[in-house]
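Descriptive analysis of the structure
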Amino acid sequence: MIDTSILQGKKAAFFTLGCKLNFAETSTIGLLLANHGVTKAEKGEAADICVINTCSVTEVADHKCRQAIHRIIKSHPEAFVVVTGCYAQLKPVQIADIPGVDLVLGAEQKGEIIQYIIQKMTEKECRSAITVKTADIRSFAPSCSRGDRTRYFLKVQDGCNYYCTYCTIPIARGRSRNGSIASLVEQARGVAAEGGKEIVITGVNIGDFGRSTGETFTDLVKALDTVDGIERYRISSIEPNLLTDDIIEYVSRSRSFMPHFHIPLQSGSDDVLKLMHRRYDTSLFAEKIKKIKQLMPHAFIGVDVIVGTRGEKDEFFEDAYRFIEQLDITQLHVFSYSERPGTKALEIPYVVSQETKHERSQRLLALSEKKTHDFYAAHIGSVRPVLFEHTATKSKPMHGFTDNYIRVEIPNTLGLDNRIVNMRLGDFNDKGDALKGEFISE
């Protein structure tokens, strides 16, 4: 057994870049440290330990990670600095060479971060980078943690076997692997025991769940639906080819799975989808949207789109825009293509200029804004259940989300934190990013 006394009374600061999965993992790291006597440093307070969980999905993400590392070292010059996450897995030596970084941990080591911190703090060795090759990333580090507000994030899967030409995540995260349904159900029961009502199911490619255990994502959904006390589940993101009709049909009649989907499209051009090595075409994607809307007309559907990938000629983008325009979806998450070392996309000769990427991005963002506005407007006057979230400032309005993920605003009201209340949806708020909620009589 390791001696954890070196951690007693220490204060830690945590910094996360990237996706919801990273935030869930950082929160779990915080809980692990807390279990060994480490408290969270308050804002402006010097930390003894700094944990930086990085992202490497784009070149911009890499740049932000480097900036964050330098900024944090400057703010906490005496701290023991640990860098982990995708950027740490991909560029461990470069990060370890940054003055002030004490420990770099790759994807395989993240689950044993406490042991590595204690070992290196005891030995007082600096600038250690500990990683393994992508093929040797095998472990699954469980994570079920509360976000900044009301909802919890349950990590059910990690890694990806889909080598899309633009993406480094399979290199950074390793092959697809997962926890068992029994262990995930137990974690969901733990959330319910803490009073949690909503869980977001997270992972890298969650529809591929079961590679490690021989189970299926559908089995997982059905098992989680039986957990008493959890009133809402949301599926964070699922590949269209893995979003089966069985899952859609089950969610439509489920007790606790919300009519809310997030589905990566990446391009509305079949030509570009082939260049990306995606595992579906626009016809399949359109069928999935149609199926959802047939069974759940009020479902919120968010969609990821990448603009300016290599090979995206003008006519391909126009095809994509027309396809997306006719889809009955709610919101677009638009990303500009970023060249990543080691990816197959670099072999595609046609390069899109930064100006063209920006123009295409703005067009899709404007389309997204219109679709979201129309979706919200269509629900004005309806009554829907809203789960309200804690707000730190009592003078400001409080917000919550309907079952189908419409943001609702009301004056700050005592006793509504983490409660589900039926509300009549009124007009848009002043910012235009939420509908005003109106209390209705019981």
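Cut-off values and rules
- Residues numbered from 1 in each chain as written.
- Predicted model: local features only at pLDDT ≥ 70, side-chain atom pairs only at ≥ 80, totals over all residues.
- Heavy atoms only, no water.
- Helix = DSSP H or I, 4+ residues; strand = E, 2+ residues; numbered from the N terminus.
- Rg over C-alpha atoms; globule rule 2.2 N^0.38 Å.
- Buried < 20%, exposed > 50% of the residue type's maximum accessible area, 1.4 Å probe, protein only.
- Contact = heavy atoms within 4.5 Å.
- Lys, Arg positive; Asp, Glu negative; His and termini not counted.
- Charge placed at Lys NZ, Arg CZ, Asp CG, Glu CD.
- Pairing = 2+ DSSP bridges.
- Axes fitted to C-alpha atoms, helices over the stretch in contact; angles between N-to-C directions.
- Phe/Tyr/Trp six-rings, centres within 6.5 Å; stacked < 30°, edge-to-face > 60°.
- 1 Å grid on protein atoms, 1.4 Å probe; cavity = no way out; pocket = protein on both sides within 12 Å on 5 of 7 lines; lining within 4 Å.
- Points joined across faces, edges and corners; volume = space filled by probe spheres on them.
- Nonpolar A, V, L, I, M, F, W, Y, C, P; charged D, E, K, R; others polar.
- Polar contact = N/O pair within 3.5 Å; in protein donor to acceptor, adjacent residues only side chain to side chain.
- Expected span 1.5 Å × (residues − 1).
- Arc of directions from axis to C-beta.
- Salt bridge = Lys/Arg side-chain N within 4 Å of Asp/Glu carboxyl O.

The next thing to look at is the overall build of the protein chain. Helices and strands together make up the secondary structure of the protein chain, namely 13 helices and 20 strands. In summary, the protein chain has a C-alpha radius of gyration of 22 Å against a globular reference of 22 Å for 442 residues, a match within 12%. C-alpha extents for the protein chain along the principal axes are approximately 60 × 60 × 45 Å. Every one of the 442 residues in the protein chain was classed for burial, and the buried ones make up 53%. Within the protein chain, residue pairs in contact and separated by at least 24 positions form 73% of the contacts whose partners lie at least 6 positions apart. Each charge sign in the protein chain was given a centre, from 56 positive and 57 negative side chains, and these centres are 1 Å apart.

The strand order E13-E14-E15 describes an open sheet built from three strands, whose pairing is parallel. Looking at which strands have only one partner, the edges of the open sheet turn out to be strand E13 (260–266) and strand E15 (331–336). Pairs of neighbouring strands in the sheet enclose a mean axial angle of 20 degrees, with direction left out of account. Where strand E14 (residues 300–307) and E15 come together, six bridges link them in parallel fashion.

Secondary-structure assignment places Gln 109 in the loop between strand E5 (103–105) and helix H5 (113–123). By relative accessible area, which is 5% here, Gln 109 ends up buried. Once residues within four sequence positions are removed from consideration, Gln 109 is found in contact with Tyr 116, Ile 130, Thr 131 and Val 132.

Our focus in this paragraph is the packing of aromatic side chains. The geometry of an aromatic ring pair is captured by the separation of the ring centres together with the interplanar angle, meaning the angle of the planes. This structure, assessed with the given rule, holds seven aromatic pairs. Here the aromatic rings of Phe 317 and Tyr 321 are separated by 6.4 Å at their centres, their planes lie at 50 degrees, and the arrangement is tilted. Of this pair, Phe 317 and Tyr 321 are both found in helix H12 (residues 314–326), four residues apart, which corresponds to roughly one turn of the helix. Given a relative accessible area of 15%, Tyr 321 falls into the buried group.

Counted according to the given criterion, the structure contains three cavities of 30 Å³ or more. Empty space within the largest cavity amounts to approximately 70 Å³. Looking at the largest cavity, the residues that line it are Glu 25, Ala 107, Lys 110, Gly 111, Ser 139, Phe 140, Ala 141, Lys 155, Asp 158, Arg 173 and Arg 177. Taken together, the residues of the lining of the largest cavity sort by class into three nonpolar, two polar and six charged.

With that settled, the discussion passes to the environment of Lys 290. With respect to the helices and strands, Lys 290 occurs in helix H11 (residues 282–295). Lys 290 gets classed as partly exposed once you look at its relative accessible area, which sits at 47%.

The next thing to look at is the environment of Ser 353. Inspection of the secondary structure assignment puts Ser 353 in the loop between E15 and helix H13 (354–378). Residue Ser 353 is classed as partly exposed on the basis of its relative accessible area, which comes to 32%. Spatially, the C-alpha atoms of Ser 353 and Ala 135 are 35 Å apart, while their sequence positions differ by 218 residues. A distance of 2.8 Å separates a polar atom in the side chain of Ser 353 from a polar atom in the side chain of Thr 356.

Its identity as a non-glycine residue notwithstanding, His 277 has a phi of 65 degrees, on the positive side. Mapping His 277 onto the fold places it in the loop between helix H10 (270–276) and H11. Judged by its relative accessible area of 47%, His 277 falls in the partly exposed class. One non-glycine residue, Tyr 405, lies in positive phi territory at about 65 degrees.

A word on helix H7 (residues 181–193). Note that an α-helix has 3.6 residues per turn; residues three or four places apart therefore point the same way. Taking 1.5 Å of rise per residue, 13 residues should cover 18 Å, and H7 covers 18 Å from first to last C-alpha, within 8% of that figure. The set of residues buried in H7 consists of Ile 181, Leu 184, Val 185, Ala 188 and Val 191. Buried residues of H7, seen end-on, are gathered within an arc of 110 degrees and therefore sit on one face of the element. Across from the buried face of H7, at angles greater than 90 degrees, the exposed residues are Ala 182 and Ala 193. Those residues of H7 that are buried lie in contact with strand E7 (143–146), strand E8 (152–155), strand E11 (198–202), helix H8 (217–224) and strand E12 (232–235). Two residues or fewer after H7 comes Gly 195, characterised by a positive phi angle close to 95 degrees.

This brings us to the pattern of salt bridges. Counting across every chain of the model gives 28 salt bridges. Note that Glu 123 and Lys 120 form a salt bridge whose closest N and O atoms lie 3.8 Å from each other. Of this pair, Glu 123 and Lys 120 both sit in helix H5, three residues apart, which is roughly one turn of that helix. Look at Lys 120 and you get buried, because its relative accessible area is 7%. The partner of Lys 155 in a salt bridge is Asp 158, and the shortest N-O contact between them spans 3.1 Å. The pair formed by Lys 155 and Asp 158 is uniform in burial state, with each residue classed as buried.

Such coordinate-based values are descriptive only and should not be taken to indicate function.
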